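What the coordinates show
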Amino acid sequence: MTRVRHNDYGVLAPPPIGTWRPALTVSVVIPARDCRGELERTVAALARQTYPAELTEVVVADDGSDPPIELPGARVVRVRDGWGRGAAREAGRLAATGDVIHWLDADMILAEDHLEAHMRWHHLIDHAVVIGDTRFVDAPDEEGVQSPYTRRTLESTRMLRDAGSTAYLLHTGASSSVRADLLHAAGGVDVELNMAEDTELGYRLAQAGAVFIPDPQARGRHVGPSTVMRREKEVHRHNWSYLGDLIPDLRWLRTHPSRHWRVPYVRVVVPGTTYEETRTAVDAVLAGTVSDTAVTVVGPWDRLTDGRRASLDEPLLDLRLLRNLYRYEPRVAFAAAEPLSAAPSPFLLSLPPGWAPGPDTVSRLVRLADADGLGLVCVVLAETADGVVAARFERTAAFSRAAFFHGDPDDLVDEMFGSLWVGGAEYGIVPVAEAEPPTGDAAKWRALAARRLEEVKELRGTVERLSAEVARLSAESRDEAGTGRFSSLIRHLRSAG
């Protein structure tokens, strides 16, 4: 199976339509409510597909239609758990039997090779999310246009090949497909969402290692404009009220400096050792400049009992004190083993025993990883007789992608996303004995001040270079008949300053 770096699926070579032999089954899942006429047209188009009928099933998830939908050519399931698009999609997914789940809106008019265009990608790799080319029309016989957002995104990212970690933002329920087992691994559809459930699912599929592929040959027309096209501001006002909780990548929705969020941006793993050592590390994380960071403390918590004990002399006293200290802290969790993945959080920082981050450590590691889309940053802290002591900063999507292949995960991540070794002192990770006590906002202001000092140094260097250029041009101007060029430069520098 071919390995895709970031989201550059250009290394894949799908067979031309009509020249290959399919093997995978596909379930077309259509959420529907009170749209019998549109649904009949869509199901009829599915009956004319070039993809083999014996490999295709159509599942309609009826979300409370009155009267209930009855439709030849489709299996109809009733939505029992909740209501809305999220509940309908999940009900259809759970009823589906295909290797691939193909989401489809009820008011779509499909080209006859629409399914085949989708499915050829799923025969190449098992972690593809294929996005159809949906055009919006006012009447069934029109050619239609893409939504403005889709068009701009595709044009600016070479059809998502350069989109990196943001490719999921184009995921739509109108016409997209994904392997059923990848969808299951990502957690299925959130039944509580009746809008933006496709964007939120796309984010979780990205964390599960998906490659997002828009296929212009998977042609389909959507009758009527989308809700976003008709009421964009109202849709954003509605969806952004909860997407900030669910998608930490949407940083502009998390501008509050200190509130708690449902899905952390970074999950930090701290080994539970002594009370004082572990407390220093955990408190340092919680006082950092990235407020949407959560901590998992690893230890044998199941060995703590509630029975009679010697309060000051029990063997697991330090663990009990740690659990007492953080029991009601919503950003701290307890686990018996280090988590294999931070999903749905996009980043995982693992600290070795006895080390604590600085106020700006997490923020700087995120910026470093995002600059080149790195999947792994190893932070060297010390060298001992037993080897190198290091912290690890992992991108969730990168290690999820590596799990689809055989081989060393670190090597696979390096190949598909890139990795880097850096020094601990450079990123503020120190022994707990040297860690400063957390002082809330003061620690954050110190980190901010340090960044500002770096910026000032860069600006001073720029000023020195410009001053030298001005002096040189000034000297040249004295030898020239006019001073127009020099005066123009002076005016430019003053306006820029």
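Heads up: these notes are all about the structure in this document. (Residues numbered from 1 in each chain as written. Predicted model: local features only at pLDDT ≥ 70, side-chain atom pairs only at ≥ 80, totals over all residues. Heavy atoms only, no water.)

Below, the discussion takes up the overall build of the chain. Helix and strand counts for the chain stand at 15 helices and 17 strands. Once the C-alpha set of the chain is aligned to its principal axes, its extents read approximately 95 × 75 × 45 Å. Residues classed as buried in the chain amount to 49% of the 497 residues present. Here the analysis covers contacts within the chain between residues at least 6 apart in sequence; of these, 74% occur between residues at least 24 apart. (Helix = DSSP H or I, 4+ residues; strand = E, 2+ residues; numbered from the N terminus. Buried < 20%, exposed > 50% of the residue type's maximum accessible area, 1.4 Å probe, protein only. Contact = heavy atoms within 4.5 Å.)

This brings us to the nonpolar core. Counting residues in hydrophobic clusters, the biggest one holds 41 residues, and the most contacted among them are V266, L349 and F393. Per-element tally for this core: the top contributor is helix α9 (residues 275–286), with six residues. Each residue touching L349, except ones within four places of it in the same chain, is listed here: V266, R267, V268, V269, V362, L365, A391, R392 and F393. (Core = buried A, V, L, I, M, F, W, Y, C linked by side-chain atoms within 4.5 Å.)

Across the sheet, eight strands lie side by side as β3-β2-β1-β4-β7-β6-β8-β5; this open sheet has mixed pairing. Here the strands that pair on one side only, and so sit at the sheet edges, are β3 (75–78) and β5 (108–110). For this sheet the average axis-to-axis angle between neighbouring strands, irrespective of direction, equals 30°. Relative to strand β2 (residues 56–62), strand β1 (residues 26–32) is paired through seven bridges, and the arrangement is parallel. By the bridge assignment for β2, S27 is matched with E57. Contacting β1, β2, β4 (100–104), β5, β6 (128–137), β7 (175–179) and β8 (211–223), helix α3 (residues 114–122) runs over the sheet at an angle of about 170° to β8. Helix α6 (residues 197–207) rests against β4, β6, β7 and β8 of the sheet, and its axis sits at about 155° to β8. (Pairing = 2+ DSSP bridges. Axes fitted to C-alpha atoms, helices over the stretch in contact; angles between N-to-C directions.)

This brings us to helix α13 (residues 409–416). If you check which residues of α13 are buried, you get L412, V413 and M416. When α13 is viewed along its axis, its buried side chains cluster within an angular range of 100° and face the same direction. Residues of α13 that are buried make contact with β14 (376–384) and α12 (396–402). With a side-chain oxygen positioned 3.0 Å from the backbone nitrogen of D410, the residue opening α13 is D408. (Arc of directions from axis to C-beta. Polar contact = N/O pair within 3.5 Å; in protein donor to acceptor, adjacent residues only side chain to side chain.)

Looking at the secondary structure, you find V59 in strand β2. Look at V59 and you get buried, because its relative accessible area is 0%.

Within β7, five of the five residues are buried, leaving the element largely enclosed by the surrounding structure. Side chains S175, S177 and R179 project from β7 onto one buried face, and the interleaved S176 and V178 project onto a second face that is buried too. Direction of pairing for β4 relative to β7: antiparallel, over a ladder of five bridges. Looking at β7, one finds that V100 is bridged to R179. Looking at chain direction, β6 and β7 are connected through three bridges and run antiparallel.

A few words on unusual backbone geometry. P67 follows D66 through a cis peptide bond whose omega is 5°. Along the chain, P67 turns up in the loop between β2 and β3. Omega for the bond connecting A343 with P344 falls within 30 degrees of zero, at 5°, which places this linkage in the cis form. Among the secondary structure elements, P344 is positioned in the loop between β11 (332–335) and β12 (347–350). For D34, which is not glycine, the phi dihedral falls at a positive 50°. Turning to its location among the elements, D34 is positioned in the loop between β1 and α1 (36–47).

Okay, the packing of α9 against helix α10 (residues 317–326) next. Their axes nearest at 9 Å, the elements α9 and α10 cross at an angle of 25°. Considering their axes alone, α9 and α10 lie roughly parallel with respect to each other. Judged by the twist between their axes, the crossing of α9 over α10 is right-handed. Contacts between α9 and α10 pair Y275, E276, T278, R279, V282, D283 and L286 from the former with D318, L321, L322, L325 and Y326 from the latter. Of the residues that constitute the contact of α9 with α10, the class distribution is seven nonpolar, one polar and four charged. (Parallel < 35°, antiparallel > 145°, perpendicular 65-115°, else oblique. Left-handed = near helix turned anticlockwise from the far one by under 90°. Nonpolar A, V, L, I, M, F, W, Y, C, P; charged D, E, K, R; others polar.)

Next up on the list: helix α2 (residues 85–95). Burial within α2 is extensive, with nine of its eleven residues counted as buried. Those residues of α2 not exposed but buried are G86, A87, A88, R89, E90, A91, G92, R93 and A95.

Among the secondary structure elements, D215 is positioned in strand β8. Looking at D215, the relative accessible area reads 4%, which means it is buried. At 2.8 Å, the side chain of D215 forms a polar contact with the side chain of W121.

The next subject is the sheet that holds strand β16 (residues 419–423). Strand order in the open sheet formed by seven strands is β11-β10-β9-β12-β15-β14-β16, and the pairing between neighbours is mixed. Among the strands making up the open sheet, the edge pair consists of β11 and β16. On average, adjacent strands in this sheet sit at an angle of 25° to one another, irrespective of strand direction. Of the strands in this sheet, β9 (266–271), β10 (293–298) and β11 are in contact with α9, which crosses β10 at around 165°.

To continue, consider the pattern of salt bridges. All told, the structure shown has 27 salt bridges when counted by the stated rule. As a salt-bridge pair, R36 and E40 come within 2.8 Å of each other at their nearest N and O atoms. With R36 and E40 both in helix α1, this residue pair falls four residues apart, about one helical turn. Owing to a relative accessible area of 39%, E40 belongs among the partly exposed residues under this scheme. As a salt-bridge pair, E90 and R93 come within 2.7 Å of each other at their nearest N and O atoms. Of this pair, E90 and R93 both sit in helix α2, three residues apart, roughly one helical turn. For the pair E90 and R93, a shared accessibility class is recorded, and that class is buried. Linked through salt bridges whose partners overlap, the residues forming this network are R85, R89, D105 and E197. (Salt bridge = Lys/Arg side-chain N within 4 Å of Asp/Glu carboxyl O.)

Bear in mind that shape data such as this cannot, by itself, settle questions of function.
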